[in-house]
Amino acid sequence: MASSVLSRALLAHRFLRSSSTHFHKPKFFTSPFSMRSFHWLLAPSHLSHKASGSVYCSMTSSAVASQASFSMQSLPANEPVVSVDWLHANLREPNVKVLDASWYMPDEQRNPVQEYQVAHIPGALFFDVDGISDQTSNLPHMLPSEEAFAAAVSALGIENKDGLVVYDGKGIFSAARVWWMFRVFGHDRIWVLDGGLPRWRASGFDVESSASSDAIFKASAASEAIEKVYQGQHVGPFTFETRFQPHLVWTLEQVKKNVEEKTYQHVDARSKARFDGAAPEPRKGIRSGHVPGSRCIPFAQMLDGSQTLSPAVELKKRFEQEGITLDKPVITSCGTGVTACILALGLHRLGKTDVPVYDGSWTEWGAKDDTPVESSEE
């Protein structure tokens, strides 16, 4: 039943997006949950509003309950990952929620929604990286507004008191992006599952083989909520309030300023060949090379052979080898702001919990005519 519901929803999406005459977002990727098939979505009876301190809220009483009611036992506050053994032992805790945030590069030809449907950690919600994004940008999966994020996360049934564990289908990849997104919006009660779904399955733990209709509807509702916010429509009620942390996200102008002032050490997570300009960018119209003064540490060097986060001693060694000093500030970037978050994850393990990510990354920088570019040939 759940399988047929999801299939019909995806089919409806293909037709509805092509025939829609209302607001449309020009973007590189399209959310599979942006559809008009579900009319029961978020009730418009509550108005979202911006409270003092840039906090979006229209909160239920449960959302403002003390976060002290939930305890992540045996987890140090500065540790950004949890083991599959820990999650297995705590999976049924009422305030532990699991997010499948799988996302893949287009050339991988993998469909995260279909893979979620086939196998996911029991009870996991699907977090659509492309769908929960800025609907006004033509750049891929840019950070949404505070209100849009709060609306989408509320539609998923997430509250501020929840402890979140996010994973993906590769080990540690797109999950780090969602970890960063929640932290940007003030929610530190989030961890990446070390080794992701591959390690979970290799450990012999159960998976669910079909998505529940509830999970499908929630993912659809999250996408609908995003679009409603950007169309100026009211959504609610909100169960999640944001507290925007501007120091964790950088814009193009900030990176430009840093090229001149060199206040932050800039680390790029792309492959060395792309960084050097020896390999073409996968997206058309994007120049090859890197931001002047930046250093290259491919994101895979943060992980060990089993796709888990490397020990602190190994991470420290890798940054030092590239001339990155941990007692000075660091900014990270990549192709589209996904794997840069893996560098931030590694630096978090080393105690640097305030590392900003350049959201537009090379897709934005390399497409501009007025941004300086360096390459190995130069």
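Here the structure is shown first, and the text comes after it.
Anyway, here's the lowdown on the structure attached to this text. Not measured: the values here are computed from a predicted model. (Residues numbered from 1 in each chain as written. Predicted model: local features only at pLDDT ≥ 70, side-chain atom pairs only at ≥ 80, totals over all residues. Heavy atoms only, no water.)

Another aspect to go through is the packing of helix α5 (residues 175–184) against helix α11 (residues 340–349). With their axes 8 Å apart at the nearest point, α5 and α11 run at an angle of 70° to one another. Classified by the angle between their axes, α5 and α11 sit roughly perpendicular to one another. Only C341, I342, A344, L345 and H348 of α11 make contact with α5, whose side of the interface consists of A176, R177, W179, W180 and R183. Residue classes in the contact of α5 with α11 are distributed as seven nonpolar, one polar and two charged. (Axes fitted to C-alpha atoms, helices over the stretch in contact; angles between N-to-C directions. Helix = DSSP H or I, 4+ residues; strand = E, 2+ residues; numbered from the N terminus. Parallel < 35°, antiparallel > 145°, perpendicular 65-115°, else oblique. Contact = heavy atoms within 4.5 Å. Nonpolar A, V, L, I, M, F, W, Y, C, P; charged D, E, K, R; others polar.)

Attention shifts here to the packing of aromatic side chains. Evaluated as defined, the whole model comprises 12 aromatic pairs. Judged by centre distance (6.0 Å) and plane angle (50°), the ring pair of F127 and F182 falls under tilted. Of this pair, F127 sits in the loop between β5 (125–126) and α4 (146–155) while F182 sits in helix α5, placing them 55 residues apart in sequence. Both rings, one in F173 and one in F299, keep their centres 5.7 Å apart while their planes meet at 55°; by these two values the pair is tilted. With F173 in the loop between β6 (163–167) and α5 and F299 in the loop between β10 (295–296) and α10 (312–321), the pair connects residues that are 126 residues apart, well separated along the chain. Note on F173: relative accessible area 5%, which makes it buried. Residue classification places F299 among the partly exposed positions, given a relative accessible area of 23%. Linked through ring pairs, F127, F149, F182, F185, F240 and F244 together constitute an aromatic cluster. One cation-aromatic arrangement involves K170 over F173; the distance from NZ or CZ to the ring centre is 4.2 Å. Over the ring of W179 we find R183, and its NZ or CZ is 4.8 Å from the ring centre. (Phe/Tyr/Trp six-rings, centres within 6.5 Å; stacked < 30°, edge-to-face > 60°. Buried < 20%, exposed > 50% of the residue type's maximum accessible area, 1.4 Å probe, protein only. Lys NZ or Arg CZ within 6 Å of the ring centre and 35° of its normal.)

Moving on to unusual backbone geometry. For residues besides glycine, phi is generally negative; the peptide bonds are generally trans as well. Cis rather than trans, the peptide bond between G236 and P237 has omega equal to 0°. Here P237 is to be found in the loop between α7 (213–230) and β8 (249–250). A positive phi angle is found at K262, which is not glycine, with a value near 55°. Accessibility expressed as a relative area gives 62% for K262, which makes it exposed. Not every positive phi belongs to a glycine, and Q307 is a case in point at roughly 60°. Residue Q307 is classed as partly exposed on the basis of its relative accessible area of 31%.

Once that is clear, we can look at the pairing of strand β9 (residues 265–268). Of the two faces of β9, the one holding Q265 and V267 and the one holding H266 and D268 are both buried throughout. The sheet contact formed by β9 and strand β11 (residues 330–333) spans four bridges and is parallel. If you follow D268 over to β11, its bridge partner there is S333. In this sheet, β10 lies alongside β9 in parallel orientation, the contact comprising two bridges. In the sheet register, V267 faces β10, and the bridge partner there is R295. (Pairing = 2+ DSSP bridges.)

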